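One letter stands for each residue in the lines below.
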Amino acid sequence: MDATGKFITLEGIDGAGKSSHVEWIADFLQQRGKRVLPTREPGGTRLGERLREWLLSEPMQLETETLLLFAARQEHLAQVIRPALARGCWVVCDRYADATYAYQGGGRGMARKRLETLEQWVQGAHQPDLTLLFDVSCEVARQRIAQADRHLDRFEREHAQFHDRVRRAYLARAARFPGRFRVLDGESDMAGLRARLTQILLAFGA
Ligand code: TYD
């Protein structure tokens, strides 16, 4: 067992399909003998899940939205992520700070410098070890969201240009941090995606 676990995050625009892979990745890692903790943002703690309900439903100032996301992240890191990594667990997190750069930064226009200040305050220099970006065109994402037979949240209801800006911000993050990002074609079929995930995870030491 590794002394310290690994921190893996999944990212992508709404409708990219990333959430359906969290459980599969967790099972795959467990089969490879790892202890795994699947979690998500916003959320991951009792307080974080309550903040998530507000964040997904309540209109608010961009500053408020950004601060609540980082407040939830602070709790998540202190209560869940850091202790799990210290115990040797592999943490698989459905969205993390790259989502804030993509949605609040790219999508809503919050200045990067402000996000960097908050990131430094909450996370210090700690970054995910591996970030899997599921990339799909905004048209495909829109069709998937339209087909979903459920209530859409505040972000899913945003217009096409918003999702396009979020996507571009994600791709810019991936280009800026090529060491930890792996970009997957979210329009591939499931078998193709799982084969690519297997390849990435094995190369990563799973
Ligand atoms: P999501 O993973 O899409 O939840 P679900 O699969 O249940 O729809 O996350 C919820 C939303 O939160 C998503 O639309 C993006 C948004 N979000 C931000 O805007 N900024 C952030 O920092 C995070 C973590 C999420």
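Keep in mind the model is a prediction, meaning the values are calculated, not measured. (Residues numbered from 1 in each chain as written. Predicted model: local features only at pLDDT ≥ 70, side-chain atom pairs only at ≥ 80, totals over all residues. Heavy atoms only, no water.)

## Let's talk about the site of the ligand
- Around the ligand sit 18 residues, and of these Asp-14, Lys-18, Arg-95, Thr-100 and Gln-104 come closest.
- Contact between the ligand and Arg-52: an oxygen atom at 3.0 Å from a side-chain N or O atom of the residue.
- Considered on its own, the ligand offers 550 Å² of accessible surface; in the complex 88% of this is hidden by protein.
- Among the detected pockets, the ligand sits in the largest pocket.
- Mapped by element, the contributors of at least two residues to the shell around the ligand are α2 (46-57), α3 (62-86) and α4 (97-107).
- No other element matches the four residues that α4 contributes to the shell around the ligand.
- Across the shell around the ligand, the residue classes tally to six nonpolar, three polar and nine charged. (Near = heavy atom within 4 Å. Polar contact = N/O pair within 3.5 Å; in protein donor to acceptor, adjacent residues only side chain to side chain. Areas by Shrake-Rupley, 256 points an atom, 1.4 Å probe, with all protein chains shown as cover. 1 Å grid on protein atoms, 1.4 Å probe; cavity = no way out; pocket = protein on both sides within 12 Å on 5 of 7 lines; lining within 4 Å. Sits in = over half its atoms within 2 Å of the grid points. Helix = DSSP H or I, 4+ residues; strand = E, 2+ residues; numbered from the N terminus. Nonpolar A, V, L, I, M, F, W, Y, C, P; charged D, E, K, R; others polar.)

## Considering the packing of aromatic side chains
- Within this structure, the stated rule accounts for six aromatic pairs.
- A ring pair is formed by Phe-7 and Tyr-96, whose centres lie 4.9 Å apart and whose planes are at 80°; its orientation type is edge-to-face. Pair noted here: Phe-7 is in strand β1 (residues 7-11) and Tyr-96 is in the loop between β3 (90-94) and α4, with a separation of 89 residues, a long-range link. An identical accessibility class is assigned to Phe-7 and Tyr-96; each is buried.
- Plain terms: the ring middles of Tyr-103 and Phe-162 are 6.0 Å apart, the flat faces sit at 55° to each other, and that makes the pair tilted. Taken together, the residues Tyr-103 in helix α4 and Phe-162 in helix α7 (residues 160-176) connect sequence positions 59 residues apart. For the pair formed by Tyr-103 and Phe-162, the shared burial category is buried.
- Looking at Lys-6, its charged tip hangs above the ring of Phe-204, at a distance of 5.8 Å from the centre.
- Positioned above the aromatic ring of Phe-177 is the side chain of Arg-180, whose terminal nitrogen or guanidinium carbon lies 5.1 Å from the ring centre. (Phe/Tyr/Trp six-rings, centres within 6.5 Å; stacked < 30°, edge-to-face > 60°. Buried < 20%, exposed > 50% of the residue type's maximum accessible area, 1.4 Å probe, protein only. Lys NZ or Arg CZ within 6 Å of the ring centre and 35° of its normal.)

## Quick look at the sheet that holds β1
- Pairing is parallel across the open sheet formed by five strands, whose spatial order is β2-β3-β1-β4-β5. Every interior strand has two partners, whereas the edge strands, β2 (36-40) and β5 (181-185), have only one. Across the sheet, the axes of successive neighbouring strands diverge by a mean angle of 20°, strand direction being ignored.
- Direction of pairing for β1 relative to strand β4 (residues 130-135): parallel, over a ladder of four bridges. From the neighbouring strand, Leu-10 faces β4, where its bridge partner is Leu-132. (Pairing = 2+ DSSP bridges. Axes fitted to C-alpha atoms, helices over the stretch in contact; angles between N-to-C directions.)

## Re empty space enclosed by the protein
- Counting across every chain of the model gives one cavity of 30 Å³ or more.
- Here the largest cavity defines a volume of roughly 40 Å³.
- Ranked by residues supplied to the lining of the largest cavity, first place goes to helix α6 (residues 138-147) with four residues.
- For the lining of the largest cavity, the per-class residue count stands at four nonpolar, one polar and two charged. (Points joined across faces, edges and corners; volume = space filled by probe spheres on them.)

## A word on the packing of α3 against α4
- One can describe the packing of α3 onto α4 by two numbers: an axis separation of 11 Å at closest approach and a directional angle of 175°. With respect to their mutual orientation, α3 and α4 come out roughly antiparallel. For the pair formed by α3 and α4, the contact residues are Leu-62, Glu-65, Thr-66, Leu-69, Phe-70 and Arg-73 on the first element and Ala-97, Thr-100 and Gln-104 on the second.
- Of the residues contributing to the contact of α3 with α4, the split by class is four nonpolar, three polar and two charged. (Parallel < 35°, antiparallel > 145°, perpendicular 65-115°, else oblique. Contact = heavy atoms within 4.5 Å.)

## Notes on the pattern of salt bridges
- Scanning the model with the defined rule gives 14 salt bridges in all.
- Two residues, Asp-98 and Arg-173, come together in a salt bridge whose shortest N-O distance is 3.0 Å. Placement of the pair is Asp-98 in helix α4 and Arg-173 in helix α7, with a sequence separation of 75 residues. Take Asp-98 and Arg-173: they sit in the same class, and that class is buried.
- The residue Glu-116 makes a salt bridge to Arg-112 at a minimum N-O spacing of 3.1 Å. (Salt bridge = Lys/Arg side-chain N within 4 Å of Asp/Glu carboxyl O.)

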